[in-house]
Amino acid sequence: SQVQARGPLVDQNTYDSENGNVCVSETSLDCTYLEGGMEKTCISAVGNDGKPVPWAYFPAEECGQFLTATITMKMCNKNTAADKDILLYDMNINADEAEFLFKLVPYQFDKTQRILPGNCITIVKTENIEKCKVYPMQVKMLGNMPDKRPNNEKAYCESFVFNKMKSKRIEQPILLPPQPFKTSVDECRETSILQAGGTNVCDSEVSIACTFLDEQSGQRKSCIGPEQDFTFYSIRTDLCGAKQIEATIDMSICNTNTVQSGLIITPYVDNVPQNVFPTRYTFKKNNYNVPQRLDDIPPGQCRSYQRIQTIDTCKKNWPMSVQLEGNMMKSIAAGISGSENSYCYCYLYKKAVVEKIDPPATPPPSPTAPTTPAPTQAPVVSPSAPSCDETDVLITEIADPESNQFARYIEVYFRDCAGGAQPKYVTKNIVIIRSPNNVPPIVYNLKGALIPSNGIIVICVNQVSHAIQFGYQSCDIEHPVADNDGTNPVNLSERVNGIPNVVIDSYIGFPPKTFQNGKALRIRPRTPFPRATFDPSQWYIIPDPSVDPATTGEVADPEGMDPGEWYNPLVITEIVDPVNTEPARYITINQPFPELGPIQDDLQLVIFDETTGEPIMNTAVPLKGRTLDAAKNLKVCNAAHYQSSGDPTCIVTYGPLPGTTGCYTIGIILILPNNKYSIVDLYGVRRQSCLGSPFDFTGGSATRIPVGKVPVSIWNPLQWNIDVPQPDGVELFITEIADPIEGPNSRFVEIFLPGKPNYMIDEDLLLVRYENANEDPSTFPYLSLKGLTTDEYGFIVLCVNSVSYGNKCK
């Protein structure tokens, strides 16, 4: 079994083929680096939740810097019998193969060598490790004992070890502005006595704030105070049934140990029997189900939670509490020897009290003449929210922005529930299930969730990190079910009788594909219904390392992501600036995933500023509502092109797009709420001048190759053919370089000048060599071509020794 500890990870496995053949093999991996003359580990331990524990925390200003690490990997034969050699599997021969992998890239080694009993194959590599990043490593040993005949096909050997080597930055606590209400805080210090003498000290803090809107003053006030039974509201008993108060509850648990201490608080989980008082947030004796309360808390950081509670003013007492209990056994600081020697505890209890007042006495009624009772009216019945089919639900996007685990999100689209004036809530047990490797599934039940008007619910790992990443809050629900880099299958199911037994929709990405710093996006027109069986044709993955590089790309972050939006992308396929009809120009736009009707989404074609990299909105050409031709194309033309061609499909513009001169970086953007945008497709490089660049199309054209019609927010030059006029001068090609078997004296180089028979070269051209993979030419030897004359066919042959070829050589 794999040893879950820092230092070398080792897996020794005894495999019994159940025919008398037993193979003992072992794999190991290690990562070390030097700091201050001391060797330290860069192996991540694995926590109780199955997640990697960072091997180091770095200040934010150090993230992006590199350190040099030594990676050591081994495959060992642990058999003792002399005839038990191990021969490794090779993909060229077997269905699977043995591998040393670093960041999913295999190290090359000789797989034909036999590993003798007691021997190992060892690989030692030096790698530059970026701080605050994740580096997965793996050793997979597969093979057999070929000499154990006649059962060599059943003399199997296997061993496997993996580590998700992870380091993180020290997050700076988010400072909230002063609030016009009181937050109750309890500061705690727990001192643990060490068995060997000395102490471990844990400093922590918990807080509660409860606020409501006071209708008389129009200001928010506190519903808790310094005393235990704080009365925050008074109401007559005969009026309380018609009055409810919406209170905002904010609770925090904090690690107040210094950042320099390195002391990490690990909250106790509530499913371990010995943890009688786990970390929890409680209101009215009900525990809030907040998974993040169990996350490790680095020094100087907090875990906060906010909830809206409705207070019934006919009830008097509304108690609330927050409790932090845990230990520091995962700390990177020295001296933490065990959970019992590093205890942390902090607790705060508050109560909001409603005061009920008796109504004033009512005087007896004066005698009056009898009156005719008014006719009884039928009670007013409020219309219920319109019903919708909640099982018409599908996954539309899974994203890993900037490889930021806490900003990851997943989109779920209730198509039949979109639209309408009245709010809708999920009433069925619709559950999202993420299935990580080697750990129990992560499940979240959407029942009770508010469905936004566009039908899309966004679930993210952490709402604060998500909002910081995108500059606005688009996350509706916070839950670790969204923690996915593409390697975890996800499905939507309807839970019946407590069992999620009806699969509605699924994303598998099989074989598992990681889209780190990217996304998997559902193709809207090809998704008429949810699919219980995963259909890869309904998705495109960016980046996708398993396909032709021209059919994928990279994602700009955060500009290339759009949580809470689902659209049909458009791509730029052609930019034409022909010299012979100057200044006529046009740009062609295509819909790679066709759907019926005009363009539905708020998409705009726009130029990006060379300095800031932001779209210049006064250059934008709105595309929403436009109708595409039969080939699903749309042309944006200037007046000169329209006048010279008479093309009836043109959108004629008189502004900078397509313009008449110069070149630019252009893109198609989707307009988002909060004055934000996302980049759907891009030609060129942001924050770089186009003139003279690799994407300069001046006087020519840029044409997208057919397989490259995949929307990308970072330009992929492999998707484009750029054809621009060549400068004046001679056109010359090297057509052959030969090293004949007769020896070095027979070597030659053949040069061809098309359309130049019997032509004397008048230009200062040199034939040079590039040696030892250098980017610059060698200074010697070289040959001047000026003055040489082509033959009657336009060729020049340059030989080492003209004796071999006679008058054919120069």
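Keep in mind it's a predicted model, so treat the numbers as computed, not measured.

Procedures and definitions
- In every chain, residue numbers begin from 1 and rise along the written sequence.
- Under the rules for a predicted model, residues below a pLDDT of 70 receive no local features and side-chain atom pairs below 80 are neither given nor counted, while totals for whole chains, interfaces and linings still include all residues.
- The side-chain values count all of the structure's non-hydrogen atoms but skip hydrogen atoms and water molecules.
- Under the scheme used here, helices are H or I runs from DSSP no shorter than 4 residues and strands are E runs no shorter than 2 residues, and both carry numbers assigned from the N terminus.
- Think of it in three bands: with a 1.4 Å probe and only protein chains considered, a residue is buried below 20% of the maximum accessible area for its type, exposed above 50%, and partly exposed in between.
- Residues are treated as being in contact if the distance between any of their heavy atoms lies within 4.5 Å.
- Accessible surface area values rest on a Shrake-Rupley calculation with a 1.4 Å probe, where residue burial reflects the displayed protein chains alone.
- In this scheme, strands are said to pair when DSSP sees at least two bridges between them.
- To get an axis, a line is fitted to the C-alpha atoms, and for a helix only the part in contact is used. The angle between two axes follows their N-to-C directions and goes from 0 to 180 degrees.
- By nonpolar core we mean a set of buried residues, namely Ala, Val, Leu, Ile, Met, Phe, Trp, Tyr and Cys, connected to one another through side-chain atoms within 4.5 Å.
- The pairing test for Phe, Tyr and Trp rings, Trp by its six-membered ring, is centres within 6.5 Å, and the orientation test on the planes gives stacked under 30 degrees, edge-to-face over 60, and tilted for anything in between.
- A positively charged side chain is recorded as over a ring if its NZ (Lys) or CZ (Arg) lies within 6 Å of the ring centre. The angle to the ring normal must also be within 35 degrees.
- In what follows, salt bridge is the name for a side-chain nitrogen of Lys or Arg lying within 4 Å of a carboxyl oxygen of Asp or Glu.
- The disulfide criterion is simple: two cysteine sulfur atoms within 2.5 Å.
- The arc under discussion is defined with respect to the helix axis, by the directions toward the C-beta atoms.
- For this analysis, a polar contact is any N or O atom pair within 3.5 Å, provided that within protein one partner can donate a hydrogen and the other can accept it, and provided that sequence-adjacent residues contribute only side-chain to side-chain pairs.

Caption draft 1: Inspection of the overall build of the chain at higher detail. Each helix and strand in the chain was counted, giving two helices and 53 strands. Per-residue burial for the chain yields a buried fraction of 47% across its 810 residues. The contacts of the chain with a sequence gap of at least 6 include a subset with a gap of at least 24, amounting to 67%. Element-wise, carbon and sulfur atoms account for 52% of the exposed surface of the chain, whose accessible area totals about 41,500 Å².

Caption draft 2: Examining the environment of Thr703 more closely. Looking at the secondary structure, you find Thr703 in strand β47 (residues 701–704). Judged by its relative accessible area of 32%, Thr703 is partly exposed. Between the alpha carbons of Thr703 and Asn721 there is a distance of 5.2 Å; along the sequence they are 18 residues apart.

Caption draft 3: Seen up close, the sheet that holds strand β41 (residues 603–608). Judged by pairing direction, the sheet is antiparallel, and its four strands sit side by side in the order β42-β41-β45-β46 without closing on themselves. Because the sheet does not close on itself, it has two edges, and the strands there are β42 (615–622) and β46 (676–683). Taking the axes of each pair of neighbouring strands and ignoring which way they run, one obtains an average angle of 40° across the sheet. Of the strand pairs in this sheet, β41 and strand β45 (residues 666–672) are connected by five bridges, and their pairing is antiparallel. If you follow Gln604 over to β45, its bridge partner there is Ile669.

Caption draft 4: Region of interest: the nonpolar core. Counting 51 residues, the largest nonpolar core has Ile572, Leu605, Leu623, Ile666, Ile668 and Tyr683 as the members making the most contacts within it. Element by element, the count of residues in this core is highest for β45, at four residues. Setting aside chain neighbours within four positions, we find Leu605 in contact with Ile572, Ile587, Ile589, Thr619, Ala620, Val621, Leu623, Val636, Leu657, Ile666, Gly667 and Ile668. With 36 residues, the next largest nonpolar core counts Phe58, Ile121, Tyr135 and Val139 among its residues.

Caption draft 5: Local environment of the packing of aromatic side chains. In total, this model carries 26 aromatic pairs according to the counting rule given. Between Phe534 and Trp539 the ring centres are 6.5 Å apart and the planes differ by 40°, which places this aromatic pair in the tilted class. In terms of burial, Phe534 and Trp539 fall into one category: buried. Cation over ring: Lys125 sits above Tyr107, and NZ or CZ is 5.4 Å from the ring centre. Lying over the aromatic face of Tyr586, Lys635 brings its terminal NZ or CZ to 4.4 Å of the ring centre.

Caption draft 6: Fine view of the pattern of salt bridges. According to the stated counting rule, one finds 22 salt bridges in the structure shown. A salt bridge links Glu97 to Lys111; the nearest nitrogen and oxygen atoms lie 2.7 Å apart. Of the two residues, Glu97 sits in the loop between β8 (86–88) and β9 (99–102) while Lys111 sits in the loop between β10 (105–106) and β11 (114–115), which places them 14 residues apart along the sequence. Comparing Glu97 with Lys111, the two get one shared label, buried. Measuring nitrogen to oxygen at the nearest pair gives 2.6 Å for the salt bridge that ties Asp400 to Arg408. Considered together, Asp400 and Arg408 belong to a single accessibility category, that of buried residues. Several salt bridges converge on common partners, so that one network encompasses Asp400, Arg408 and Asp483.

Caption draft 7: Here's a closer look at the sheet that holds strand β28 (residues 409–414). If you walk across this open sheet you meet the six strands as β34-β33-β28-β27-β37-β38, and the pairing is mixed. Edge positions in the sheet fall to β34 (477–478) and β38 (539–542), since each of these pairs with one other strand and no more. Where β28 meets strand β33 (residues 456–460), five bridges bridge the pair, whose relative direction is antiparallel. Residue pairing across strands places Val412 opposite Ile457, the latter belonging to β33.

Caption draft 8: The arrangement of the environment of Tyr349 in detail. Within the element layout of this structure, Tyr349 appears in strand β26 (residues 343–357). Along the sequence, Tyr349 and Val322 sit 27 residues apart, while their C-alpha atoms lie 6.8 Å from each other. Residues within four places of Tyr349 in sequence aside, it is in contact with Gln228, Pro319, Met320 and Ser321.

Caption draft 9: Just the state of the cysteines, in detail. A full pass over the atoms with the stated rule returns 14 disulfides. Between the sulfur of Cys240 and that of Cys314 lies a disulfide, 2.0 Å long from S to S. Classification of the bridge connecting Cys240 and Cys314 rests on its S-S torsion, roughly 95°, and on that basis the disulfide is right-handed. Separated by 74 residues along the polypeptide, Cys240 in the loop between β19 (229–236) and β20 (244–255) and Cys314 in the loop between β24 (302–312) and β25 (317–327) bring together distant segments of the chain. Judged by relative accessible area, which is 5%, Cys240 ranks as buried. Note on Cys314: relative accessible area 31%, which makes it partly exposed. Residue pairing for Cys254: its cysteine sulfur links by disulfide to Cys302, the two sulfurs lying 2.1 Å apart. Torsion about the S-S bond of the Cys254 and Cys302 cystine: about 105°, corresponding to right-handed handedness. Remark: Cys302 occurs in strand β24 and Cys254 occurs in strand β20; sequence separation between them is 48 residues. Taking the relative accessible area as the measure of exposure, Cys254 reaches 6% and is therefore buried. Relative accessible area serves as the criterion here: at 35%, Cys302 is assigned to the partly exposed category.

Caption draft 10: Helix α1 (residues 463–470), seen in detail. Along α1, the residues that are buried comprise Ser465, His466, Gln469 and Phe470. One side of α1 carries all its buried residues, which in axial view fall inside an arc of 115°. Those residues of α1 that are buried are in contact with β28, β33 and β46. Of the residues that open α1, the one with a side-chain oxygen 3.0 Å from the backbone nitrogen of Val464 is Asn462.

Caption draft 11: Main features of the pairing of β25. Taken across its 11 residues, β25 has 10 buried, putting it largely inside the fold. Direction of pairing for strand β21 (residues 266–267) relative to β25: antiparallel, over a ladder of two bridges. Bridging across to β25, Thr266 finds its partner in Asn327. Direction of pairing for strand β22 (residues 280–283) relative to β25: antiparallel, over a ladder of four bridges. Looking at the pairing, Thr282 lines up with Ser321 of β25. Pairing of β25 with β26, which is carried by 11 bridges, proceeds in the antiparallel orientation.

Caption draft 12: Quick peek at unusual backbone geometry. Cis geometry marks the peptide bond from Asp557 to Pro558, where omega comes out at 5°. Counting through the fold element by element, Pro558 comes out in the loop between β38 and β39 (571–576). One non-glycine residue with positive phi stands out, namely Glu18, at about 60°. Mapping Glu18 onto the fold places it in the loop between β1 (9–16) and β2 (22–35). Phi at Lys632 takes a positive value of approximately 60°, unusual for a residue other than glycine.

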